[in-house]
Amino acid sequence: MPVEDVDPEAELDSAPEPELLILADGLPAVVDTDQGLAEVCTAIKAGTGPVAIDAERASGYRYSNRAYLIQLRRRGSGTALIDPIAFESLAPLQEVLTDTEWILHAATQDLPCLADVGLVPTRLFDTELAGRLLGYPRVGLATLVETLLGYGMKKEHSAVDWSTRPLPEPWLEYAALDVEVLVELRDVLEAELEETGKDEWARQEFDFLRGFQVPERVEAWRRTSGLHKVRGRRALGAVRALWETRDEIARQRDVTPGRIVPDAALVVAAMAMPADKEELLATKGFHGRGAERYAKRWVEAIRAAQELPESALPTRTQRGDGPPVPRAWAERDPVAARRLQLAREGMAALAEEHRLPVENLLTPDSLRRVLWTPPATRDPGELVEAVVDQLSGYGARGWQIALVAPLIVRAILDADSYSAGDPESEGDSASGVSGS
C-alpha cells in the first residue's frame, strides 16, 4: 500500500489543544487590609519551599512603574493577591519572605516595582532566564508552561490598566494564573539545568539579578519615534525641549507620555517651528489629548529651543563613552574590526555548542568594549588575565568569563597577526591559550 505524503503544517493544525490551566484553589479575595496582610503572612510562613511572585503594572497607562497588584503562591500556603496601593508598608510580608527563594518570570521587569514597596529577595530563580540558558527558542511564560507542563494559558488581559479600581474578576483570575504553576515550572527547569551542567551558570545569573537596577536613561528623548525625519540641530533641539516638557507633564499627572501627545506630534511641531498657539494647533499632524490643553507650554518649549546658542544644541548622534557603532570600525580601526569579526564568529559557534543565545554568553556592549580597547600586552598569559579583569569590570559572570575570555584573547592575537601580513599564523598566535 503506498504511503501518502503528510503535510507537517496540517499535523500541527490538527494537534489537540492543551488542557487549559485553571485555579486549583479558586480565586482568592484581594487583600487590602492590615488584618488580611497578617493572615497572608501567616499562611506563607506555614508553607514550604520557594515562593512564586508576580506583579502587575499599568504600563502604557501610567508614568510610574509602580506595582498595582502582587501575586504570591507557595506550597501549603495557596495563592494570595495583594493590593500594594492600600498599604503604607509591606514590611511584614518582606519579613516572612526573607531567606526564602523567590520565583519570578522575567525578574528584571518586576524587581524594581517590588523594591519600590520594600520587597527585595535574598535568593531568586528566574524561569525565563533559566529557559534561555537551556536554549528554549521561546521563553514566554505561557509557552514554557505549555511546553514543559502541558497546560495552555490565556493571555487576553496582559495589557490592561491595572491601576483600575476595583479590578474586574477576569483580570484577577488572569493574574492569579501567572503564579499557579510557577513552582512546578521552576522544579522542571532546575532539574534540566542540573542535567545539562548549567545549574552553576544559573546560580551565578540569579545572584547577579538580585542587584539589578533599571539603567539610567541618557538622552532618552533620542528614542522619539520618527526622529530620523528631523533635519538640523535647531529642530533636534525643539524635539528635545518638547519631549522634556511632555515628560514633566506626564510625571506630574502619572500618565504615560504618549497619552499626552504622541511622538509623531512632537516631530511635526519641531519641524514646523510654529510661532504661537494658533500656528501650532493648525500644524498638520499635531494632535493628542494634551495638544490644546498644554498648547502654551508646547509653544514655550519651541521658543526656548529657538533661542538656544548653537553650542547648546544637540548633535545628530549621541555622544557616548563607548566604542563607535560596529559599521564604523573598518574605517576607523581595521585591526579592531578584524578582532570583532573573529570574536563574533567564535561567539556564534560557542553559543551553538552550548545551546543558548549568544547574548547570554556576553552582552554585545561588553564584547565591543573589550575589543575596541583591548589590553596593551600581547603575552598570551598576561593577556588572558587582563581580559578577565576587563570583563569582570563590565559585570560579566564567572561562567561567562571562563567560556569567552580565551576566545577573545585568540581574536585579539589573531587579528594582530593578520594585520602584520601573516594571515597563515591565525590560530597559531594564541596556541597557548586554553579554555580553562
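Scroll up for the structure.
Below you will find a few notes about this structure. None of the values given here were measured: they were computed from a predicted structure.

Rules and cut-offs
- Residues numbered from 1 in each chain as written.
- Predicted model: local features only at pLDDT ≥ 70, side-chain atom pairs only at ≥ 80, totals over all residues.
- Heavy atoms only, no water.
- Helix = DSSP H or I, 4+ residues; strand = E, 2+ residues; numbered from the N terminus.
- Buried < 20%, exposed > 50% of the residue type's maximum accessible area, 1.4 Å probe, protein only.
- Contact = heavy atoms within 4.5 Å.
- Lys, Arg positive; Asp, Glu negative; His and termini not counted.
- Charge placed at Lys NZ, Arg CZ, Asp CG, Glu CD.
- Salt bridge = Lys/Arg side-chain N within 4 Å of Asp/Glu carboxyl O.
- Core = buried A, V, L, I, M, F, W, Y, C linked by side-chain atoms within 4.5 Å.
- Pairing = 2+ DSSP bridges.
- Right-handed = clockwise from strand over helix to strand, strands pointing away.
- Axes fitted to C-alpha atoms, helices over the stretch in contact; angles between N-to-C directions.
- Parallel < 35°, antiparallel > 145°, perpendicular 65-115°, else oblique.
- Left-handed = near helix turned anticlockwise from the far one by under 90°.
- Nonpolar A, V, L, I, M, F, W, Y, C, P; charged D, E, K, R; others polar.
- Expected span 1.5 Å × (residues − 1).
- Arc of directions from axis to C-beta.
- Phe/Tyr/Trp six-rings, centres within 6.5 Å; stacked < 30°, edge-to-face > 60°.
- Lys NZ or Arg CZ within 6 Å of the ring centre and 35° of its normal.
- Patch = residues over 30% accessible without salt bridge, like charges linked within 9 Å, V, L, I, M, F, W, Y side chains within 5 Å.
- Areas by Shrake-Rupley, 256 points an atom, 1.4 Å probe, with all protein chains shown as cover.

A short note on the overall build of the protein
Along the protein, the regular secondary structure elements total 19 helices and 8 strands. Seen through its principal axes, the protein has C-alpha atoms that stretch 75 × 70 × 65 Å. By residue count, 46% of the 436 residues in the protein fall in the buried class. Considering only contacts within the protein whose residues lie at least 6 apart along the sequence, 67% involve residues at least 24 apart. Here the protein holds 49 positive side-chain charges and 72 negative ones, and the gap between their average locations is 10 Å.

Re the pattern of salt bridges
Going through the model one piece at a time under the given rule, you end up with 20 salt bridges. A salt bridge links Arg 75 to Asp 187; its shortest N-O distance comes to 2.8 Å. Taken together, the residues span a long stretch of sequence, with Arg 75 in strand β4 (residues 67–75) and Asp 187 in helix α8 (residues 182–195) at a distance of 112 residues. Among the residues examined, Asp 187 registers a relative accessible area of 27% and is labelled partly exposed.

Some details on the nonpolar core
Here is a general trend for soluble globular proteins: nonpolar side chains tend to be buried in one another's company. Grouped together as the largest cluster of nonpolar side chains are 97 residues, with contacts concentrated most on Leu 72, Ile 82, Leu 93, Leu 391 and Ile 408. The dominant element in this core, judged by the number of residues it contributes, is helix α19 (residues 398–419), at 11 residues. Discounting residues that sit within four places of it in the chain, Leu 72 has contacts with Ile 44, Val 51, Ala 52, Ile 53, Gly 78, Thr 79, Ala 80, Ile 82, Leu 93, Leu 97 and Val 179.

As for the pairing of strand β7 (residues 123–126)
Of the pairings in the sheet, the one linking strand β6 (residues 101–104) to β7 comprises 4 bridges and is parallel in character. Within β7, the residue paired with Glu 101 across the bridge is Arg 123. Crossover handedness for the path β6 to helix α4 (residues 107–116) to β7: right-handed.

A few points about the packing of helix α15 (residues 334–354) against helix α17 (residues 364–372)
At a closest axis distance of 9 Å, the pairing of α15 and α17 adopts a crossing angle of 140 degrees. For the element pair α15 / α17, the angle class is oblique. Remark: the crossing between α15 and α17 carries right-handed chirality. The residues of α17 that touch α15, namely those facing Ala 336, Arg 339, Leu 340, Ala 343 and Met 347, are Leu 367, Arg 368, Leu 371 and Trp 372. Here the residues of the contact of α15 with α17 are counted per class, giving 7 nonpolar, no polar and 2 charged.

Brief notes about the sheet that holds strand β5 (residues 78–82)
Hydrogen bonds between backbone atoms are what pair the strands of a sheet, whose relative direction is either parallel or antiparallel. Ordered by their spatial adjacency, 6 strands build an open sheet running β2-β5-β4-β3-β6-β7, and the pairing between neighbours is mixed. Of all strands in the sheet, those with a lone pairing partner are β2 (30–31) and β7, marking the two edges. As judged from the 5 bridges shared by β4 and β5, these two strands associate in the antiparallel manner. Following the sheet pairing, Arg 73 is matched in β5 by Thr 79.

With respect to helix α2 (residues 34–46)
The terminal C-alpha atoms of α2, which comprises 13 residues, lie 19 Å apart, in line with the 18 Å expected from a rise of 1.5 Å per residue. Within α2, burial applies to Gly 36, Leu 37, Val 40, Cys 41 and Ile 44. Along α2, the residues classed as buried sweep out an arc of 140 degrees about the axis, all on the same side. Those residues of α2 that are exposed and angled more than 90 degrees off the buried face are Gln 35, Thr 42, Lys 45 and Ala 46. Turning to α2, the residues buried within the fold contact β2, β3 (48–57), β4, β5 and α3 (91–97).

Remarks on the environment of Ile 70
Within the secondary structure, Ile 70 sits in strand β4. Along the chain, Ile 70 and Leu 308 lie 238 residues apart, while their C-alpha atoms are 46 Å from each other. Discounting residues that sit within four places of it in the chain, Ile 70 has contacts with Ile 53, Asp 54, Ala 55, Ala 80, Leu 81, Ile 82, Pro 84, Leu 90, Leu 114, Val 117 and Leu 119.

A look at the packing of aromatic side chains
One pass over the full model with this rule turns up 7 aromatic pairs. Centre to centre, the rings of Trp 162 and Tyr 174 are 6.0 Å apart; their planes meet at 25 degrees, and the pair counts as stacked. In this pair, Trp 162 sits in the loop between β8 (151–152) and α7 (169–180) while Tyr 174 sits in helix α7, placing the two residues 12 residues apart along the sequence. Grouping residues by exposure puts Trp 162 and Tyr 174 together as buried. With a centroid separation of 4.9 Å and 50 degrees between ring planes, the pair formed by Trp 329 and Trp 372 is classed as tilted. Taken as a pair, Trp 329 in helix α14 (residues 329–332) and Trp 372 in helix α17 lie far apart in primary sequence, 43 residues in all. A relative accessible area of 0% places Trp 329 in the buried class. Here a set of aromatic residues connected by ring pairs shows up, and it is made of Trp 162, Trp 171 and Tyr 174. A cation over a ring is seen here: Arg 186 above Phe 125, with NZ or CZ 5.1 Å from the ring centre. Across the ring face of Phe 208, the terminal group of Arg 397 is positioned such that the distance to the ring centre comes to 3.9 Å.

As for a negative patch on the surface
Together, Asp 379, Glu 382, Glu 385 and Asp 389 make up a region of like negative charge exposed at the surface. Positionally, Glu 385 belongs in helix α18 (residues 380–393). The class of Glu 385 is exposed, set by a relative accessible area of 57%.

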